[in-house]
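Architecture and fold: a report
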Amino acid sequence: IDNGVHYEVPMQDVSYLTVLNTNTMSSTPIALKGLNYIGIKQVKDTPYIIAYNASTYGENGRGRHRQTTISQNGSPIYLLENTQSGVRVIASFIPKEGDVITDIQLSECGKYFYLCGTNKNQGYVGYDNPILTIIKSFTLEEVARYRGKRKDRYYAKVLCIDKENIYVKYDDWSETGYNDGRSPGHFEVINIPSIVAPAN
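This section reports on the structure supplied with the text. (Residues numbered from 1 in each chain as written. Predicted model: local features only at pLDDT ≥ 70, side-chain atom pairs only at ≥ 80, totals over all residues. Heavy atoms only, no water.)

1. Brief notes about the environment of Glu141
One can find Glu141 in the loop between strand S11 (130-136) and strand S12 (142-147). According to the relative accessible area criterion, Glu141 is partly exposed, its value standing at 40%. For the pair Glu141 and Phe93, spaced 48 residues apart in sequence, the C-alpha separation works out to 9.2 Å. Not counting the four nearest positions on each side in its chain, Glu141 is found in contact with Ile134, Ile135 and Lys136. (Helix = DSSP H or I, 4+ residues; strand = E, 2+ residues; numbered from the N terminus. Buried < 20%, exposed > 50% of the residue type's maximum accessible area, 1.4 Å probe, protein only. Contact = heavy atoms within 4.5 Å.)

2. A look at unusual backbone geometry
Residues other than glycine seldom take positive phi values, yet Asp45 does so here, at roughly 55°. Within the secondary structure, Asp45 sits in the loop between strand S3 (38-42) and strand S4 (48-53). Positive phi outside glycine occurs at Leu140, with the angle close to 55°. Here Leu140 shows up in the loop between S11 and S12. The class for Leu140 is buried, based on a relative accessible area of 14%.

Pasting the structure below:
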């Protein structure tokens, strides 16, 4: 308070990913705006790292599982590269409004990222609508969007089968007799060329 006038200084939470060089024991902080609790995921067989805001979605019970999310409420997803000179941010993007992203995988061909999760603003509004979003791996441009066949469930996990097919698991996969997601109705196999235009 200064002379009866109230001043408010807007502050923004910024999280930092700290890279520790074990040879020199020096550290380099990387500011990642929009992330409160950083989660990281190594992109298989590449020097790339996904950094995201780790939170939870869903609830446990009735065969369903609470899921750690990659993005929720418009939190950004960062793509970083681990090089000889250190880690650098290549790009970041924010999924579409209403998207809750629960998993991300790089395609076998390396051209796409597959993001799965849910959106309650599209399809059956107010209910979980399982979504698969396909984006180009370096431009991060969305090239396809697929909505799952079930209502009030979401995709919890995406795995690559081969260059053209992926396996996406619903959040109630453990209700199956096998208890591992093999029972029909608790997963989908999606053919990528059937939903991505050839030019992409």
